Amino acid sequence: LKRILTEPYDILKEWRNRIYNTSGISYQLLSNIIPELSLVISDVSASDAIELTEASTTLKISFINLLSSFCNSKQPMIFFLDDLQWADKASLDLIQTIISEKEIPYLLFVGSYRDDKENAVVVFNYINEFLKEAHHISLPILNEHTVKELLTDIFIESNNDNVQVVEKSVSDFATFIYKKSNGNPLFLKYILQSFYRDKYIAFNLDKNNWEFNVATISNIKLTSNIADLLIKELKSISAGGFEILKIASCIGRKFTVADLTALNDKDSFYVLSELDEGTQNGFLNKNDEIENDRYEFAHDRIHHAVYSDIPHEEKLNIHKRIVFFILEKLQFPHCENEKLEANIFDIVHHIDLTLELLIHELGSVQISRLYMNAAKKAKKSTAYETSLKYIRSAINILPKDVWEKDYSYALSVYSEASDIAYLDRDFKSFTNYADAILYNAKDFLHKAKVVELQVQSFTVQNKNESAIHLGLEFLKRINISLPKNPKFFQVLIYYLKIRFFLFNKKISSLKNIKN
């Protein structure tokens, strides 16, 4: 979609018509997870409202139909997703829908994950369970022979005059490197980089070849822990540069020069020079395709190594600074809802990591409101499990007397929690939140809404007797008495009443009936 937005107007219009002409797309729902869609389709807000209980199914259908508008025999599509080991259930469900769909023959789905994470096995088993034809390509660690080939390509080629002499040394060197790195490519890279920096490996300009001494290298005490080696390598850069990386690691895997400059109280030239050092040493990548000032850590283990080296108290303070920096940039709490929503996941992520400090400065209710905003945004994208996690945080942080001190907000957050728990089919949590509302709510209509959800939850669980009993008992409280086991003549009377009421009325007029 970003590429389409850069096209000339005629081509953009052609794409817009193609998407418009694809039936079964809820543009409003899709724009919640693909904001660029609202820029391509001008009247996203014109979509009909969708029942929350239908949103998950509608989202999947809409996503499939949107993809089908892009894929054809002349323009096949490759859908690539990296780091699937971090995928949540909602994302996996959507992936399942995409790759199981037979109506998109020109779509190739490719997913990658690291199998050293427990969740990675769960991810692949989940996908493989419903896609028997899936091709699993395993990328194992480097074996000793491959390491020897790699080092041979480096050292033998530059020593053509002494091939036989150097070959044995390279073989011994490769064996040593392999044992120390255990075939891990990242570990191997930084071991070689460390040897080069410490001048155990050097390039002789006069002879035009690499030189090293295997006997000397073999006596080096080298850590077998990649994290320790990465920290050692990272600290080889300037002290100022490492401080910059520490703050960057707290921001996340990706970050911008503008944010780092503001958080460091340094000018952008200083920050850029330190980041360039990190880039030259292979710790960072500069993403020139999106924005000139956007960087990212070259590997998540580098990111983790820097982050792990920060003392706990320092981490808390950095994350606190990041929270206040984002809120100040947004002019919270007076910012527009759209701006807050765009940044809300980042905000609550940092709040999670420094809650013990922030609760005294922002206040529990203010933090709770931020969590609830995150829950609402996740709910819009039908990520109900994630949404429930946020709304739990919103409630757990509140004081016990919140119903007495801030009744309006308490009702709002518990109502949102009951809705989300119901949508996530977490009926135990739903019951707890619903009971809290029924016990504390002052308005009868607020209780009626919860009872309606309770009836629906019993129905979904196939507890029809409980649903009927609860509904009838609640109706008695508003002086509506209905028999639990109606006789034939009672059903007939109500049937005739309804027929009389509907006599000579058109279907289109029913929506205007108030009572």
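Residues numbered from 1 in each chain as written. Predicted model: local features only at pLDDT ≥ 70, side-chain atom pairs only at ≥ 80, totals over all residues. Heavy atoms only, no water.

Caption draft 1: Representation of the packing of aromatic side chains in the model. Scanning the model with the defined rule gives 17 aromatic pairs in all. With a centroid separation of 6.0 Å and an interplanar angle of 35°, the aromatic rings of phenylalanine 79 and phenylalanine 109 are classed as tilted. Of this pair, phenylalanine 79 sits in strand β1 (residues 77-81) while phenylalanine 109 sits in strand β2 (residues 107-111); the two residues are 30 residues apart in sequence, bridging distant segments of the chain. We note that phenylalanine 79, like phenylalanine 109, is buried. Pairing tyrosine 190 with phenylalanine 283 gives two aromatic rings, centres 5.8 Å apart and planes at 10°, and the pair type is stacked. (Phe/Tyr/Trp six-rings, centres within 6.5 Å; stacked < 30°, edge-to-face > 60°. Helix = DSSP H or I, 4+ residues; strand = E, 2+ residues; numbered from the N terminus. Buried < 20%, exposed > 50% of the residue type's maximum accessible area, 1.4 Å probe, protein only.)

Caption draft 2: Structural detail: the pattern of salt bridges. Under the definition given, this model contains 16 salt bridges. One salt bridge connects lysine 246 with glutamate 243, and the closest N-O pair in it is separated by 3.0 Å. One end of the pair is lysine 246 and the other is glutamate 243, both in helix α13 (residues 239-251) and three residues apart, which spans about a single turn. The class for lysine 246 is buried, based on a relative accessible area of 8%. (Salt bridge = Lys/Arg side-chain N within 4 Å of Asp/Glu carboxyl O.)

Caption draft 3: Spotlight on the pairing of β2. Summarising the sheet, β1 and β2 pair through five bridges and their orientation is parallel. Counterpart to phenylalanine 79 in the pairing with β2 is phenylalanine 109. Traced from β1 through helix α6 (residues 89-100) to β2, the parallel crossover comes out right-handed. (Pairing = 2+ DSSP bridges. Right-handed = clockwise from strand over helix to strand, strands pointing away.)

Caption draft 4: Focus on the nonpolar core. In this structure, Phe173, Ile177 and Phe195 are the most contacted members of the largest nonpolar core, which totals 132 residues. Sequence-distant contacts of isoleucine 177, defined by excluding residues within four places in its chain, comprise Val147, Leu151, Leu188, Ile191, Leu192 and Phe195. (Core = buried A, V, L, I, M, F, W, Y, C linked by side-chain atoms within 4.5 Å. Contact = heavy atoms within 4.5 Å.)

Caption draft 5: Summary view of the sheet that holds strand β5 (residues 254-256). The three strands lie next to each other as β5-β7-β6, forming an open sheet whose pairing is antiparallel. Looking at strand neighbours, the two that pair on one side only are β5 and β6 (284-286), the edges of this open sheet. Taken over all neighbouring pairs, the strand axes of this sheet differ in orientation by 30° on average, direction set aside. As paired strands, β6 and strand β7 (residues 294-297) are joined by three bridges and run antiparallel to one another. Within β7, the position partnered with asparagine 285 by the bridge is glutamate 296. Running at roughly 70° to β5, helix α14 (residues 257-264) makes contact with β5 and β7 of the sheet. (Axes fitted to C-alpha atoms, helices over the stretch in contact; angles between N-to-C directions.)

Caption draft 6: A look at empty space enclosed by the protein. Counted according to the given criterion, the structure contains one cavity of 30 Å³ or more. A volume near 30 Å³ is recorded for the largest cavity. If you go around the largest cavity, the residues you meet are Ser415, Ser418, Asp419, Ile437, His446, Lys449, Val450 and Leu453. Mapped by element, the contributors of at least two residues to the lining of the largest cavity are α23 (407-423) and α25 (444-460). No other element matches the four residues that α25 contributes to the lining of the largest cavity. (1 Å grid on protein atoms, 1.4 Å probe; cavity = no way out; pocket = protein on both sides within 12 Å on 5 of 7 lines; lining within 4 Å. Points joined across faces, edges and corners; volume = space filled by probe spheres on them.)

Caption draft 7: Up close: the packing of helix α20 (residues 364-380) against helix α21 (residues 384-396). For the pair α20 and α21, interaxial distance at closest approach is 8 Å and the crossing angle is 165°. Taken together, the axis directions place α20 and α21 in an arrangement best described as roughly antiparallel. Considering how the two elements wind past one another, α20 and α21 form a crossing that is left-handed. Residues Ser368, Tyr371, Met372, Ala374, Ala375, Ala378 and Lys379 of α20 form the contact with α21, whose participating residues are Tyr384, Thr386, Ser387, Tyr390, Ile391, Ser393, Ala394 and Ile395. Residue composition of the contact of α20 with α21, by class: 10 nonpolar, four polar and one charged. (Parallel < 35°, antiparallel > 145°, perpendicular 65-115°, else oblique. Left-handed = near helix turned anticlockwise from the far one by under 90°. Nonpolar A, V, L, I, M, F, W, Y, C, P; charged D, E, K, R; others polar.)

Caption draft 8: Layout of the side chain of serine 457. Note that serine 457 resides in helix α25. By relative accessible area, serine 457 is classed as buried at 4%. Those residues within four positions of serine 457 in sequence are excluded, and the remaining contacts are Tyr422, Phe427 and Phe430.

Caption draft 9: Quick peek at α20. A rise of 1.5 Å per residue sets the reference length of α20, with its 17 residues, at 24 Å; its end C-alpha atoms lie 24 Å apart and thus fit the reference within 8%. Residues of α20 that are buried: Ser364, Ile367, Ser368, Leu370, Tyr371, Met372, Ala374, Ala375, Lys377, Ala378 and Lys379. Looking one or two places after α20, you find threonine 382, whose phi comes out positive at around 60°. (Expected span 1.5 Å × (residues − 1).)

Caption draft 10: Region of the structure containing a nonpolar patch on the surface. Residues Phe488, Phe489, Leu492, Ile493, Tyr495 and Leu496 make up a contiguous nonpolar surface patch of roughly 670 Å² in combined accessible area. Topologically, phenylalanine 489 is positioned in helix α27 (residues 488-502). (Patch = residues over 30% accessible without salt bridge, like charges linked within 9 Å, V, L, I, M, F, W, Y side chains within 5 Å. Areas by Shrake-Rupley, 256 points an atom, 1.4 Å probe, with all protein chains shown as cover.)

Caption draft 11: Looking closely at the environment of glutamate 314. Mapped onto the elements of the fold, glutamate 314 is located in helix α17 (residues 312-330). According to the relative accessible area criterion, glutamate 314 is partly exposed, its value standing at 27%. Each C-alpha atom of the pair glutamate 314 and asparagine 213 lies 42 Å from the other, and the pair is 101 residues apart in sequence. Among the polar contacts made by the side chain of glutamate 314, one reaches the side chain of lysine 246 at a distance of 3.1 Å. (Polar contact = N/O pair within 3.5 Å; in protein donor to acceptor, adjacent residues only side chain to side chain.)

Caption draft 12: Main features of the environment of alanine 434. By secondary structure assignment, the location of alanine 434 is in helix α24 (residues 427-440). According to the relative accessible area criterion, alanine 434 is buried, its value standing at 0%. Once residues within four sequence positions are removed from consideration, alanine 434 is found in contact with Val450 and Gln454.

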